[in-house]
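Residue strings, one per chain:
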2 protein chains.
Amino acid sequence: MSRLTLALDVMGGDFGPRVTIPASILALQRDPQLSLILFGDSTQISPYLSDLPSDIQQRLQLNHCSRYIANDQDVTSALRHSKGSSMRLAIEAVQQGNAQGAVSGGNTGALMGLAKVLLQPLQGIARPALVASLPTMDGGKTIMLDLGANLECDAQNLYQFALMGNIFAQNQLDLVFPRIALLNIGVEAIKGRQAIREAATLLAQNTELNYCGFIEGNQLLNGVADVIISDGFSGNIALKTLEGAANNLISLLKGKTKNSILKPLFKGLMRLLLNDRYQRLKRINPDAYNGASLLGLTAVVVKSHGGANTEAFANAIADAATQARQQIPQQILAGLQRIT
Amino acid sequence: MSRLTLALDVMGGDFGPRVTIPASILALQRDPQLSLILFGDSTQISPYLSDLPSDIQQRLQLNHCSRYIANDQDVTSALRHSKGSSMRLAIEAVQQGNAQGAVSGGNTGALMGLAKVLLQPLQGIARPALVASLPTMDGGKTIMLDLGANLECDAQNLYQFALMGNIFAQNQLDLVFPRIALLNIGVEAIKGRQAIREAATLLAQNTELNYCGFIEGNQLLNGVADVIISDGFSGNIALKTLEGAANNLISLLKGKTKNSILKPLFKGLMRLLLNDRYQRLKRINPDAYNGASLLGLTAVVVKSHGGANTEAFANAIADAATQARQQIPQQILAGLQRIT
């Protein structure tokens, strides 16, 4: 692994420094080649930084700023008043070459807006997208985009998402010819919105892509595609619906039973019988995976889940580090020039 | 219960008469006040009609037709060539007053198209919608619409869906002041598509409605709203994503384990500890519930799931009977005149 510096907005997310600072320390412990520049309110941050081993201390730089963008601020106003905010400073650190990627758990719209303005979309990309990898029931992973950055998408947008997702999946899932599918409300060619049907035609015409047709919501977890393409609105709805179903299920399995004597026995048996599947199920829990990425920009930007816990935010940092080392933006640019 | 006649397109769905005819007989056995007019190919249907008790025979009328609309036919062509098809004849039976409602498991687009032309939308309704009730984790039910009839919706469409869903929930869930929510990608007022934000304003202004804000995909099963409003595209994606997650989970819990001695013990324990929750979970299985309804027409039309089994198609018939007896179309019309 190569040496790498990431810039962190530690004020974003539902819990701020209480989660982001312990997560930063965890990420530094796990990745000895990683350095972090933290942007945030030092009075809130300092309590979590006492008694650090010097090895960690040396790779952690704190840049104080008192301003930050609220989660519920509307994007226009957030951007207008973004100067000096922790999120903007983190992205500026990447813009200025002081860091190779940024991570924030803050306002998604503001993060995308700032990243587009400061880091710029890659040449030829009209709309950067939000991408994540979902665990599938067969133990694999599926890349899905857009997950909420672009609420309305035309055929060309969806086509570009597929081009980007293709390259992302090649790198992240280590696949040669990822299977690409479009999220739709039926599998027949006549189904769905016009933009999707037109995107299907564009994708089918490109022989460098392994386009395999439409996919419905009930197939998202079944590993039938490696890359699932959607507009940001429906993609977000689908992702959150999955998360909700998984969380409900986990709480159901963990749920309190009236019979406290039988419960440990039951738990043990479940582990014995269902172990691998239960582990897979747990991975669908948004706490356990994390780090949606902004794809299509000139640099790596990772959006952590707002409700991420320490483990999940540390995963988001690790994700950003991997993408920066894999040079995903450069790969996408090269791929676009080759493929379009 | 009052006497009632329904018209059935028995050629629709993935399995045709093999499922629809046994389901019809089941529905007649369960509802002694129900009569059915079946439209379909008598050579395919007759084998399932032998040896019927005379009580059932008397309430079952078979109208032969050799034509039917294919599931994958595009809507325009399906409508143009619909004359004499089983689906169209069933709807015409309602139009002519020979039946009080229609049921089909066939092509949703064609069913909606024919119903709109032959039965007409209720006065003041721009877009009829597809509605279903979802079981929630707390053992209740939630009404959700639109589930796929209208892929693009403006604020007024969404507002009308809410008006219709309100009345549907009052009758189907027996509620006085149903909680209405809009499906969106965030709960903050600034989030989502413009049409949704405008619909939120319209709903909040109407004091006869219990509008409670946006709901995200992860809350669909949590019983936080009685009526969930969405455009048909996102609603369909969300519903199918839920179905897929539930099916995956059920197969995971039912799944084969390597240890065949422990399995029965495990199953018994699970039943003991999780019984009510497991039962609830099973209800999310699309086999166990069925019957999305076309809402906003002058008569009751129920769309059965294409993959419905006998039990599920029988449920769809029972659903249509309930709605016809509750006079849902008349209730919606009266409600619209009172509320708008």
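Residues numbered from 1 in each chain as written. Chains lettered and ligands numbered in written order. Predicted model: local features only at pLDDT ≥ 70, side-chain atom pairs only at ≥ 80, totals over all residues. Heavy atoms only, no water.

Attention now goes to the environment of Gly113 of chain B. All names here are of chain B. Mapped onto the fold, Gly113 is located in helix H6 (residues 108-118). Classification of Gly113 as buried rests on a relative accessible area of 13%. Considering only alpha carbons, one finds Gly113 and Gln73, 40 residues apart in sequence, at a separation of 13 Å. (Helix = DSSP H or I, 4+ residues; strand = E, 2+ residues; numbered from the N terminus. Buried < 20%, exposed > 50% of the residue type's maximum accessible area, 1.4 Å probe, protein only.)

The subject of this paragraph is the sheet that holds strand E6 (residues 141-145) of chain B. All names here are of chain B. Taken in spatial order, the eleven strands make up an open sheet running E3-E2-E1-E4-E11-E10-E5-E6-E9-E7-E8, and their pairing is mixed. Looking at the sheet topology across the chains shown, the edges are occupied by strand E3 (60-64) and strand E8 (210-215). Neighbour-to-neighbour, the strand axes of this sheet turn through a mean angle of 25°, independent of strand direction. Relative to strand E2 (residues 34-40), strand E1 (residues 4-9) is paired through six bridges, and the arrangement is parallel. Residue Leu8 lies in a different strand from E2, and its bridge partner there is Leu38. (Pairing = 2+ DSSP bridges. Axes fitted to C-alpha atoms, helices over the stretch in contact; angles between N-to-C directions.)

Our focus in this paragraph is the layout of surface pockets. Each pocket or cavity is described by its volume, and for the second largest pocket that value is around 1,200 Å³. In this structure, the second largest pocket is lined by 44 residues; those nearest its centre are Ile185 and Lys191 of chain A together with Thr108, Asn236 and Lys240 of chain B. Listing elements by their share of the lining of the second largest pocket, those giving two or more residues are helix H4 (75-80), H6, strand E5 (129-135) and helix H9 (232-254) of chain B. Residue classes in the lining of the second largest pocket are distributed as 14 nonpolar, 21 polar and nine charged. (1 Å grid on protein atoms, 1.4 Å probe; cavity = no way out; pocket = protein on both sides within 12 Å on 5 of 7 lines; lining within 4 Å. Points joined across faces, edges and corners; volume = space filled by probe spheres on them. Nonpolar A, V, L, I, M, F, W, Y, C, P; charged D, E, K, R; others polar.)

Residues and elements named next belong to chain B. Over its 14 residues, helix H1 (residues 17-30) runs 19 Å from end to end, which matches the ideal 20 Å to within 8%, given 1.5 Å per residue. What H1 keeps buried is the set Pro17, Val19, Thr20, Ile21, Ala23, Ser24, Ile25, Ala27 and Leu28. Buried residues in H1 make contact with E1, E2, helix H2 (42-45), helix H3 (54-58), E3 and helix H11 (310-325). (Expected span 1.5 Å × (residues − 1). Contact = heavy atoms within 4.5 Å.)

This part takes up the pairing of strand E11 (residues 300-303) of chain A. Residue and element names in this part refer to chain A. The side-chain alternation of E11 yields two buried faces, one formed by Val300 and Val302 and the other by Val301 and Lys303. In terms of strand pairing, strand E4 (residues 101-104) meets E11 through four bridges, oriented parallel. Paired with Val103 across the two strands is Val302, which belongs to E11. The sheet contact formed by strand E10 (residues 292-295) and E11 spans three bridges and is antiparallel. Bridge pairing links Leu294 to Val301 in E11. The hairpin formed by E10 and E11 contains four residues between the paired strands, and Gly296 there has a positive phi angle of roughly 110°.

Here we take up the sheet that holds strand E1 (residues 4-9) of chain A. What holds strands together in a sheet is hydrogen bonding between their backbones, with the strands either parallel or antiparallel. All names here are of chain A. Pairing within the open sheet is mixed, and its eleven strands lie in the order E3-E2-E1-E4-E11-E10-E5-E6-E9-E7-E8. The outermost strands of the open sheet, each flanked by one partner alone, are strand E3 (60-64) and strand E8 (210-215). Direction aside, neighbouring strands of the sheet carry axes that sit 25° apart on average. Helix H7 (residues 155-172) contacts strand E5 (129-135), strand E6 (141-145), strand E7 (179-183), strand E9 (227-229) and E10 of the sheet and is inclined by roughly 160° relative to E9. Contacts from helix H8 (residues 194-205) reach E7 and E8, with the element oriented near 160° to E8.

Our next topic: the packing of helix H1 (residues 17-30) of chain A against helix H11 (residues 310-326) of chain A. All names here are of chain A. One way to put it is that H1 packs onto H11 with a least axis distance of 8 Å and a crossing angle of 55°. Taken together, H1 and H11 sit at an angle that is classed as oblique. Here the hand of the crossing between H1 and H11 comes out right-handed. Counted together, Val19, Thr20, Pro22, Ala23, Ser24, Leu26, Ala27 and Arg30 of H1 and Thr310, Glu311, Phe313, Ala314, Asn315 and Ile317 of H11 form the full contact between these two elements. Its residues placed into classes, the contact of H1 with H11 shows eight nonpolar, four polar and two charged. (Parallel < 35°, antiparallel > 145°, perpendicular 65-115°, else oblique. Left-handed = near helix turned anticlockwise from the far one by under 90°.)

The next subject is the side chain of Thr136 of chain A. All names here are of chain A. Mapped onto the elements of the fold, Thr136 is located in the loop between E5 and E6. Relative accessible area serves as the criterion here: at 3%, Thr136 is assigned to the buried category. Of the polar contacts made by the side chain of Thr136, one reaches the side chain of Asp138; its length is 2.4 Å. (Polar contact = N/O pair within 3.5 Å; in protein donor to acceptor, adjacent residues only side chain to side chain.)

Geometric descriptors of this kind do not, in isolation, establish any biological role.
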